[in-house]
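Listed here are the chains, written in short residue letters.
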Amino acid sequence: MQDVAAAHIPSATAAVWEPRLVGFLCYWCSYAGADSAGTARLKYPPNLDIVKVMCSGRIDPELIATAFVHGADGVLVLGCHIGDCHYISGNHKTMVRMPLLRRLLADLGIEPGRFRHEWVSAAEGEKFARLVTEMTEQVRALGPLSWPALLRERGIGHGADLRPWGE
Amino acid sequence: MATNGKLKVGMYWAASCGGCDISLLEIGPRLLELISVADVAFWPCAADFKYRDVVGYADGALDICFFNGGIRNSEQEEVARLLRCKSRTLIAYGACAGGGGIPALANLTTPGQIYDAAYHTNPSIDNPQGVEPEPLYTTPLGELEIPELYPAVLRLADIVPVDYEIPGCPPQADRVWEAIQAVTGGAVPARNDAVKVGCTDKTVCDECPREKKLVKIREFRRHHQMRPEPAWCLLEQGLLCLGPATRGGCGALCLKADMPCEGCYGAPAGADDQAASMIGAVGALVEAGTEERAAVLIAGIPDPTGSFCRFSLASGVFKVAK
Amino acid sequence: MGEQTVPLADPGHDNGKPRIGVFICHCGGNISDVVDVKQVAEEIGGLPGVTIATTHMFACSDAGQALIEQKIRDLRLNRVVVAACSPSLHEATFRQTLTRAGLNPFLYEHANIREQVSWVVEDKALATQKAVRLLRAAVRRAGHLVPLTKRRIPIHPAVLVIGGGIAGLTAARHLASRGIAVTLVESTPFLGGRMPRLAGLFPTGRPARELLGPVLEEVSRNPRITIYTNAELVHSSGFIGDFRTTVRLHPRGVAPNAPVRAATAACPEEVPNEFDFELTKRKALYRPYDGCYPAVPAIDWSACTICGKCVEAGGSHGISLTEPPTEVEIRSGAIVIAIGLDLYRPQRGEYGFGEFPEVLTLAQLNRLLDPAGPTHGQLLVNGRPVRSIGFMHCVGSMQHTEVHEPAAGGKLNAYCSRVCCTACLHAETELKARDPGLHVYDFHEDIRTYGRWHEEYYTKASEQGVAFIRFNPLHPPRVERDPRGQAPLVVRTLDRLTFNEELEVPLDVLVLATGLVARDMSRLVDLFRCALGPDRFLMEVHPKLRPVELASFGLFLAGSVQGPMDTVESSAGAAAAAAKAAALVSQATIELDPFVARIDEARCSGCRVCLGACAYEAISRDDGKGVAVVNEALCTGCGTCVAACPCSAMTQLGFSDTQMKSEILALLAGEAAAAV
């Protein structure tokens with residue numbers, strides 16, 4: 001009990017940064033794969049929070065951008081293997097979108113290790129656990145991305161702080 | 001309103017190329033109509049008004065102020081705030097004031113990198129003492145201040161509440177005239193809404209006369225590499241046209257001249273990020289089959305960031321690069 | 001259909017205020033042993049919009065569900081969140097709980113804190129933190145849920161069965177026995193498929209035609225079953241409950257009153273007879289065997305030169321060479337696909353096939369052994385008596401990249417065709433029974449007599465003195481002319497059973513046990529968008545949970561179109577498909593999940609990017625309005641078009657951008673966010 005209480009002290013005193021990862025997983029393959037990791041009681045770091053979609057084709061690049069911009073240190077996109085998509089070809093669109101997004105992220109200075117796109121089937125619980133473990137360590141080594149802080153540093157949004165002219 | 005019953009109109013250029021100021025002249029003979037009902041009270045590009053003149057105006061004295069260009073330095077911010085105070089209706093005019101425009105691509109770099117290139121490393125620079133601009137410079141005769149370069153290009157709406165926004169690079173003449181008529185029509189707009197005028201709520205595709213054959217894109221090419229077929233959608237032909245992810249209202253002028261849309265009217269209504277929108281769309285427009293083939297197809301887009309965020313980086317989700 | 005009046009934007013809550021009930025399951029310790037559920041309830045209880053946050057030992061139990069129902073009523077909850085095991089197990093359960101309590105079942109959000117938290121996080125404090133994060137996100141998302149209604153699609157009470165072999169026939173008779181109208185279409189002029197060519201079926205040894213006879217009788221006599229032969233699939237549209245399939249009916253050319261013997265004799269065209277696997281020839285006007293159904297012969301238009309001799313010979317009775325094809329549209333609520341498979345055709349030179357006339361396929365051998373076959377059951381090959389015969393397993397199956405060249409399709413058959421080992425051994429025991437003095441050799445890389453009683457063939461063959469030779473698949477046997485002239489052929493191989501001794505086996509005949517391959521599925525894929533497995537057979541949704549269903553709603557698989565299998569398995573599969581199809585069309589309507597795509601016409605510019613995104617052709621364009629339109633009956637709810645729409649005119653009910661962004665933001669807000 002005491003441990004739990006201590007863990008909930010606000011971060012102003014907590015000090016140790018932990019990577020925050022957001023994962024977009026398709027229900028039929030990769031989400032089921034994450035479930036099989038659970039059924040097998042595999043242990044992996046808790047840093048990845050999963051957002052479920054029905055198909056990886058639903059994963060709009062804007063959702064990934066939203067995650068980064070609001071504080072995610074890393075984003076993981078998982079879908080069914082090519083040829084196995086429950087909706088026939090949703091993952092084909094993902095397969096084209098993610099590399100294109102990756103180039104955008106690279107130009108924005110977001111290190112490649114922070115964005116991963118892989119295929120995980122419902123039977124690949126081990127692969128899922130391994131991916132999360134690897135990525136957590138990779139992002140830990142890269143440090144926090146802190147996009148909200150970056151925006152503040154670059155003066156985005158400072159207009160809200162300004163007084164109207166003349167005051 | 002001035003004592004002679006005419007409207008007082010202003011136009012200011014911030015981080016701008018001057019094209020917007022010129023575009024106001026594009027309304028052509030309707031300019032005569034405009035000046036019959038309006039007096040210019042401040043237009044640095046065209047007339048000799050000083051800042052102190054504006055400072056001397058009463059609050060809200062300017063009936064309409066067109067503000068073009070992004071906010072890149074402290075002077076532009078100060079004038080933006082000044083004009084907001086002195087204007088009844090403040091309009092963000094053009095892509096730069098509305099979305100950052102082309103200058104906002106500088107957000108992919110930092111001021112440090114810009115200074116390095118501009119004052120030290122560019123091939124034509126001859127600056128043996130490594131002089132850089134300084135905001136405050138002391139001379140024997142006194143102190144000189146120059147505006148401070150901000151760490152990023154901002155939109156007008158990032159600094160002050162904006163009443164209307166007319167998108168475009170530059171806004172297209174007929175749309176400008178419609179916007180002027182709408183705004184001078186008398187209704188006092190709600191503040192801080194940045195209501196977009198001179199445009200539609202649909203995308204350029206809605207106005208484009210070219211036909212779609214509903215085929216998948218087989219290869220991306222640039223327009224110097226091919227002569228496009230007339231009457232057929234350019235995007236389907238493999239030219240990177242941002243029409244589907246760009247707000248409409250321009251009449252698809254570029255498309256009618258066989259040039260793919262570059263996205264200068266900014267993101268469509270309801271979409272926050274032109275780059276995200278285009279990437280989502282491209283995923284559905286090509287047929288790759290394998291990851292290898294997808295990589296080949298995508299390699300045909302040499303600069304996704306520059307192409308997809310050309311005019312709207314400051315209004316997208318990321319806004320800057322790290 | 002689809003009485004949904006849900007506005008596009010998420011208006012949020014009744015009376016403007018969310019009253020969210022959060023129920024956290026202990027799962028009997030599976031969750032609560034790791035996650036401090038009381039602590040979680042306390043933290044979540046303090047969030048805005050949360051009316052109650054409580055825990056229960058087993059939320060999915062009757063007592064747990066009763067608690068939820070009670071709280072919904074007592075506290076006038078308008079949204080419910082349950083944190084428990086994976087939604088794949090009980091999301092549907094809790095949706096029903098809401099329905100019973102009078103709340104729309106889609107005002108429900110599920111958080112997975114067992115498979116994805118308590119079972120995988122070692123540290124209890126971190127697990128508890130993670131559960132809090134996921135619940136915070138679920139609560140925030142719940143606030144953006146709107147009531148949704150499952151789609152109701154009316155079902156046309158008929159089934160289309162494609163394929164007239166044993167699987168199609170079995171499916172048709174089971175469906176008809178339940179009172180369902182069936183249309184059976186077969187592409188060739190005759191029903192029965194591949195079965196009639198088999199003589200003694202294993203394991204009973206009864207002739208296939210004998211078993212097939214009653215089935216054909218039943219199907220042909222059943223008034224509920226409409227049969228079209230010589231039918232070509234042309235077009236299909238529609239969706240579950242209302243498929244419209246057009247078939248082109250090619251004319252038979254021959255009527256029941258035609259003078260068959262004279263006409264057949266007069267026909268000058270001869271082509272290889274597929275019924276005998278090309279061992280014999282037949283005329284262009286033909287019947288495959290006596291007792292076939294329909295009994296009336298047909299004209300093979302690909303062989304016929306329209307010379308008219310048959311018409312002359314018949315005195316112009318009953319034979320027409322000029323009848324045009326007709327088309328018929330078949331309406332059905334479901335479709336059963338039962339087109340079967342093909343035999344692998346060995347490449348020229350593969351184990352000497354096509355080069356040496358003494359090399360046959362097992363299928364050809366079985367035609368020779370059939371008392372009703374081309375040699376009346378006599379084993380005569382190339383006019384010589386047979387004293388030694390070899391059987392080669394795995395021809396066209398279990399292929400390896402190091403050894404085999406892909407066939408025309410560019411793919412290797414790496415899989416096992418399952419039934420050929422037993423078929424081989426059956427033929428071997430049959431031969432030995434007829435002639436115990438015959439030398440029989442069995443060359444294999446493995447023996448897979450997997451089925452019920454199949455092993456008996458192996459035991460019997462061993463007892464009868466069949467010689468078994470096991471080769472290394474990476475170094476398969478070589479087949480050559482015997483240089484010493486002892487016999488036409490010699491097979492050279494290493495034998496693993498004798499520690500890699502090199503053997504030379506002289507043979508009069510070599511029989512290749514050829515594998516089973518998928519037929520050309522391109523037409524089916526075009527028409528029905530079926531998924532193919534890596535072996536190119538049709539792929540079911542889930543091999544255990546939904547073995548006879550295709551991913552497209554309303555389509556079922558029967559028989560060997562799904563993979564190599566024997567007649568027993570085909571019949572069982574067909575019966576299963578018939579049961580599923582019957583269950584579907586016996587309902588007046590069917591309910592589908594409501595997570596469809598929705599278009600805001602005011603925003604849509606008709607750019608048609610979404611049309612290209614949809615794998616189900618569920619989106620079309622209204623040219624009058626210049627906007628895209630979603631056919632909600634066809635939409636499967638994948639959301640691919642929603643991500644493709646470049647102007648955000650499209651949303652997905654239940655997975656809107658607003659809902660998803662609220663979830664993402666809630667996950668990232670909070671204590672453990674980047675400390676700056």
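Residues numbered from 1 in each chain as written. Chains lettered and ligands numbered in written order. Predicted model: local features only at pLDDT ≥ 70, side-chain atom pairs only at ≥ 80, totals over all residues.

Visitor: Tell me about the overall build of chain C, and please be specific about residues and values.
Guide: Tallying secondary structure elements over chain C gives 17 helices and 32 strands in all. Its C-alpha atoms give chain C principal-axis dimensions of about 95 × 70 × 45 Å. (Helix = DSSP H or I, 4+ residues; strand = E, 2+ residues; numbered from the N terminus.)

Visitor: Can you lay out the overall build of chain A for me, pointing to particular residues and giving the numbers?
Guide: When its secondary structure is counted, chain A shows 7 helices and 4 strands. N-terminal to C-terminal, the α/β element order of chain A is α-α-β-α-β-α-β-α-β-α-α. Considering chain A as a whole, with its 167 residues, one finds that 60% of them fall into the buried category. Pairs at least 24 apart in sequence give 82% of the contacts found in chain A among residues at least 6 apart. (Buried ≥ 20, exposed ≤ 12 C-beta atoms within 10 Å, placed from the backbone. Contact = placed C-beta atoms within 7 Å.)

Visitor: Requested: an account of the sheet that holds strand β1 (residues 20-25) of chain C, with residues and values cited.
Guide: Residues and elements named next belong to chain C. On the basis of which strands lie adjacent, the open sheet formed by 4 strands has the order β2-β1-β3-β4 and parallel pairing. Lying at the two open borders of the sheet, with one neighbouring strand each, are β2 (50-56) and β4 (108-112). The sheet shows a mean angle of 15° between the axes of neighbouring strands, direction not considered. Of the pairings in the sheet, the one linking strand β3 (residues 79-84) to β4 comprises 5 bridges and is parallel in character. Bridge pairing in β4 places Ala 83 opposite Ala 111. (Pairing = 2+ DSSP bridges. Axes fitted to C-alpha atoms, helices over the stretch in contact; angles between N-to-C directions.)

Visitor: Outline the interface of chain C and chain A, supporting the account with residue identities and numerical values.
Guide: Interfaces are often sized by the amount of accessible area the parts lose when they come together. Listed by partner, the interface residues are 49 residues for chain C and 47 residues for chain A. Contributions of two or more residues to the side of chain C that touches chain A are made by α4 (114-118), α5 (124-142), α16 (640-644) and α17 (657-668) of chain C. For the side of chain C that touches chain A, the element with the most residues is α5(C), which contributes 9 residues. Here the residues of the side of chain C that touches chain A are counted per class, giving 27 nonpolar, 11 polar and 11 charged. (Nonpolar A, V, L, I, M, F, W, Y, C, P; charged D, E, K, R; others polar.)

Visitor: Go over the sheet that holds strand β19 (residues 388-395) of chain C, please, and point to the residues and values.
Guide: Residues and elements named next belong to chain C. Spatial ordering of the open sheet is given by β18-β25-β19-β20-β21, a layout of 5 strands whose pairing is parallel. Looking along the sheet, the strands with just one partner apiece sit at the ends: β18 (359-361) and β21 (467-470). The sheet shows a mean angle of 25° between the axes of neighbouring strands, direction not considered. Pairing between β19 and strand β20 (residues 439-444): 5 bridges, direction parallel. Among the inter-strand pairings, Ile 389 is bridged to a residue of β20, identified as Val 440. Strands in contact with helix α10 (residues 362-369) are β18 and β25 (509-514); relative to β25, the strand with the most contacts, it is inclined by about 115°. Each of β19, β20 and β25 touches helix α11 (residues 420-434); the most contacted strand, β19, lies at about 170° to it.

Visitor: Kindly report on the environment of Leu103(C), identifying the contributing residues and their values.
Guide: Residue and element names in this part refer to chain C. Among the structural elements, Leu 103 can be located in the loop between α3 (87-100) and β4. Sequence separation between Leu 103 and Glu 69 is 34 residues, and the spatial gap between their C-alpha atoms is 9.4 Å. Once residues within four sequence positions are removed from consideration, Leu 103 is found in contact with Ile 72, Val 80 and Leu 98.

Visitor: Talk me through the domain arrangement of chain C; I want residue IDs and the actual numbers.
Guide: What the domain assignment reports for chain C is domain 1 (14-148), domain 2 (158-250 + 327-340 + 528-585), domain 3 (260-321), domain 4 (343-517) and domain 5 (596-652). Spacing between the C-alpha centres of domain 1 of chain C and domain 2 of chain C amounts to 45 Å. (Domains from an automatic or database assignment.)

Visitor: Residues and numbers for the interface of chain A and chain B, please.
Guide: Facing 34 residues of chain A, the contacting portion of chain B comprises 37 residues. Those elements that provide at least two residues to the side of chain A that touches chain B are α4 (61-69), α5 (90-107) and α7 (147-153) of chain A. Broken down by element, the side of chain A that touches chain B gets its largest block of residues, 12 residues, from α5(A).

Visitor: Tell me about the nonpolar core, and name the residues and values.
Guide: Core analysis: the largest hydrophobic core is formed by 345 residues, its most contacted members being Phe67(B), Leu135(C), Val336(C) and Ile337(C). Per-element tally for this core: the top contributor is α5(C), with 10 residues. Within the second largest apolar cluster, 13 residues are counted, among which are Val254(C), Val260(C), Cys310(C) and Val311(C). (Core = buried A, V, L, I, M, F, W, Y, C linked by C-beta atoms within 7 Å.)

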